[in-house]
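Structure assessment
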Amino acid sequence: MTGFADLGLDLALLKGIEAAGYHNPSPIQEKAIPIVLGGKDVLGLAQTGTGKTAAFGLPLIQNLMALESEVQSRQVRSLILAPTRELVLQIAEALKGYAKGSNLRILSVVGGASINMQMKFLLKGADILVATPGRLMDLHERDALLLDEVNVLVLDEADQMLDLGFIHVLRHLSKILTAPRQTLLFSATMPAPIAKLSKDFQTQPVRIEVAPAGKTADKITQRVHYIGTQNRVDFLRNCLAEHMDGVSVVFARTKRGAEKLKNVLVEAGFAATSVHGNKSQAQRDKAIADFKSGAAKILVATDVAARGIDISGVSHVYNYDLPEVPEIYVHRIGRTARAGAEGEAVSFCRPVDMHLLAEIEKLLGMAIPIASGERPTAEDIKKYGAKPVRSASNFRSGSGRGGQRQSASGKAGRSAAGTGRAGASQRSSKKEDWNPLEVEGQKKKRRPKKSANETEQGTGFVERSTPSNKGRQVKKSAKRSAARRKVAAKRKVRPT
Ligand code: AMP
């Protein structure tokens, strides 16, 4: 079996690895470390939680330790970009651990923290700067750092950076980073825009793939509850109550929804906390710290927490709301089954969510096994006014993308036979103001008030034109004309 020592790592680093408790390299580490040490570009596709940070971090640190010159004021030697504040802080923390005993300056900069302090720290330069794209550009605009000598660039969780709209920052950055450099690009999924990003930033990258793109961690048991019109909050409460000793992340679509759901769970006696964009950085840090320490057993999160956050021991991930972008499902459920552990991913699917589930299953190349309920039929979907769904019989005929095919149950093919595709237009649709307390399937549509002279015709209301109201309308318009004539006459006689 290959050990860390066989990968070309120095003794100093081997000690750090031992101190971190790693005995053997993970598959991505085994493949990436020698290539990164050799200075080549890497396009890394790996499941979440597989040890990506050490895969790029260890060789990066070793190469930096070999440099004799000291880093200059405001100089950034290597730059690591990650989509979220939490991930940035986590990467920096891991790297500091691996680099213990060296003199490397490892800094992290994120939004929501004091920019003046960050500028002050950057005065002494950084061997490694870990940053969110937005804060990096703010600091660059203030001349707080020099990016023209960056010779290693790491883009971590690149697909989420694109999902979060950082493409313009990245394009801008590609023009600023002029020095010849090594670029390492990591992503758990590989949609076409990532291939384009790789072309823009990389030179003949070595592609490393430890699991097919979009494939979820093998040790995650996935299940879906088709919950029809049941109250989702009650349903979640019951699920959580069944695993009182479990550690769970619950994903909600909106910030407000996540906060409300957390409050409902706390009121019900669960030790829950929340992370989402409406919280300050300090509040987010506290929530993560509480969850890590076990003070909170349930973390209700929006997708800001879906990627990269490494909290060991998460036993369950609940998709209270299914994600609108199927790739995000893979990242969400990757919060469990980390570092070789096992975990469960439980999704709730209402008839109105069926198109989202179908997209996820298409990406996974399998139907998610049913935990309870029945997969909605075409009629159900129509009844609830949901978006049409591609037939899941695709999984049988083998049109799913790569990966294992798993016929979850005989019901898997009993899906809606719609023709539409839940594509980009649907994904970009506005997020609803969501109320976790609403009784599912009972959301009433607003209708105009029915007045005496209205009659129902088909689905809408039609103004009835009767001889009597025709007469009233004529009288009204005659009165209005008379009033207008009066005003005009007054204007004529007014002295100028
Ligand atoms: P990452 O994918 O980098 O977020 O790492 C996920 C988790 O795996 C972290 O808790 C790491 O500390 C841990 N880890 C990384 N490499 C190894 C290894 N070779 N052996 C055991 N655990 C590891």
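Turning to the overall build of the protein, a few remarks are in order. Each helix and strand in the protein was counted, giving 18 helices and 16 strands. Expressed as a percentage of its 496 residues, the buried residues of the protein come to 45%.

To continue, consider the environment of Q90. Here Q90 shows up in helix α4 (residues 85–98). Residue Q90 is classed as buried on the basis of its C-beta count, with 20 C-beta atoms lying within 10 Å. Along the primary structure Q90 and V130 are separated by 40 residues, whereas in three dimensions their C-alpha atoms are 9.7 Å apart.

Within the open sheet, the seven strands sit side by side as β3-β4-β2-β5-β6-β1-β7. Their pairing is parallel. Taken across any chain shown, the strands that pair with only one partner, and hence form the sheet edges, are β3 (106–109) and β7 (206–209). Averaged over all pairs of adjacent strands, the angle between strand axes in this sheet comes to 15 degrees, irrespective of strand direction. In the sheet, β3 pairs with strand β4 (residues 126–131) via four bridges, with the strands oriented parallel. Within β4, the residue paired with L107 across the bridge is L129.

With that out of the way, let us pick up helix α14 (residues 354–364). Within α14, 11 of the 11 residues are buried, which leaves it mostly tucked inside the rest of the structure. Within the sequence span of α14, burial applies to M354, H355, L356, L357, A358, E359, I360, E361, K362, L363 and L364. One or two residues past the end of α14 sits G365, with phi positive at roughly 75 degrees.

This part covers the environment of P180. Positionally, P180 belongs in the loop between α8 (167–176) and β6 (182–187). The spacing of P180 and D148 is 32 residues in sequence and 9.6 Å in space, taken between C-alpha atoms.

Attention now moves to unusual backbone geometry. Keep in mind that most residues, glycine aside, have a negative phi and that most peptide bonds are trans. Even without glycine at this site, R74 takes up a positive phi of about 65 degrees. By the element assignment, R74 lies in the loop between α3 (52–65) and β2 (76–81). In this structure, D143 takes a positive phi of about 60 degrees despite not being glycine. For D143, the location among the structural elements is in the loop between α6 (133–141) and β5 (152–155). A tally of 9 C-beta atoms within 10 Å means that D143 is categorised as exposed.

Here we take up the packing of α3 against α4. Where α3 meets α4, the axes come as close as 10 Å, and the angle between the chain directions of the two elements is 45 degrees. The pairing of α3 with α4 is recorded here as oblique in orientation. As α3 runs across α4, the sense of the crossing is right-handed. Residues T53, A54, G57, L58 and I61 of α3 lie in contact with α4, whose contacting residues are I91, A94, L95 and Y98.

Below, the discussion takes up the confidence of the model for the protein. The predicted coordinates ought not to be read in detail in places where the model reports low pLDDT. Chain-level pLDDT for the protein is 77 on average; 73% of the residues reach the 70-or-more range. Here residues 391–474 scores under 50 on pLDDT; set against residues more than four positions off or in separate chains, the count is 117 contacts. Under a pLDDT of 50 for its full length, residues 490–496 has, in the predicted model, zero contacts with residues more than four places off or in other chains.

Attention now goes to the pairing of strand β13 (residues 343–349). Buried residues dominate β13, accounting for seven of its seven residues. Residue alternation in β13 divides its side chains into two sets, G343, A345, S347 and C349 and E344, V346 and F348, and both sets are buried. Looking at chain direction, strand β8 (residues 220–226) and β13 are connected through seven bridges and run parallel. In the strand pairing of β13, I220 is matched with G343. Both strand β12 (residues 316–319) and β13 contribute to a ladder of four bridges, which runs parallel. The residue bridging N319 from the neighbouring strand is S347, located in β13.

Quick look at the nonpolar core now. Grouped together as the largest cluster of nonpolar side chains are 118 residues, with contacts concentrated most on V250 and V300. Ignoring anything within four residues of it in the chain, the contact list for V250 reads L236, L261, I298, V300, Y318 and Y320.

Moving on: helix α12 (residues 281–293). The end-to-end C-alpha distance of α12, which contains 13 residues, comes to 18 Å, matching closely the 18 Å that a straight helix rising 1.5 Å per residue would cover. Those residues of α12 not exposed but buried are R284, A287, I288 and F291. Along the long axis of α12, the arc covered by the buried residues comes to 95 degrees, so they all point the same way. Exposed positions of α12 whose direction lies more than 90 degrees from the buried face are A282, A289 and S293.

Here we come to the packing of helix α13 (residues 326–333) against α14. The interhelical angle for the contact between α13 and α14, taken along N-to-C directions, is 75 degrees, at an axis separation of 8 Å. Regarding the angle of α13 to α14, the classification is roughly perpendicular. Contact with α13, carried on its side by P326, E327 and Y329, involves E359, I360 and L363 of α14 and no other residues of that element.

About the cut-offs
- Residues numbered from 1 in each chain as written.
- Predicted model: local features only at pLDDT ≥ 70, side-chain atom pairs only at ≥ 80, totals over all residues.
- Helix = DSSP H or I, 4+ residues; strand = E, 2+ residues; numbered from the N terminus.
- Buried ≥ 20, exposed ≤ 12 C-beta atoms within 10 Å, placed from the backbone.
- Pairing = 2+ DSSP bridges.
- Axes fitted to C-alpha atoms, helices over the stretch in contact; angles between N-to-C directions.
- Parallel < 35°, antiparallel > 145°, perpendicular 65-115°, else oblique.
- Left-handed = near helix turned anticlockwise from the far one by under 90°.
- Contact = placed C-beta atoms within 7 Å.
- pLDDT = per-residue confidence, 0-100.
- Core = buried A, V, L, I, M, F, W, Y, C linked by C-beta atoms within 7 Å.
- Expected span 1.5 Å × (residues − 1).
- Arc of directions from axis to C-beta.

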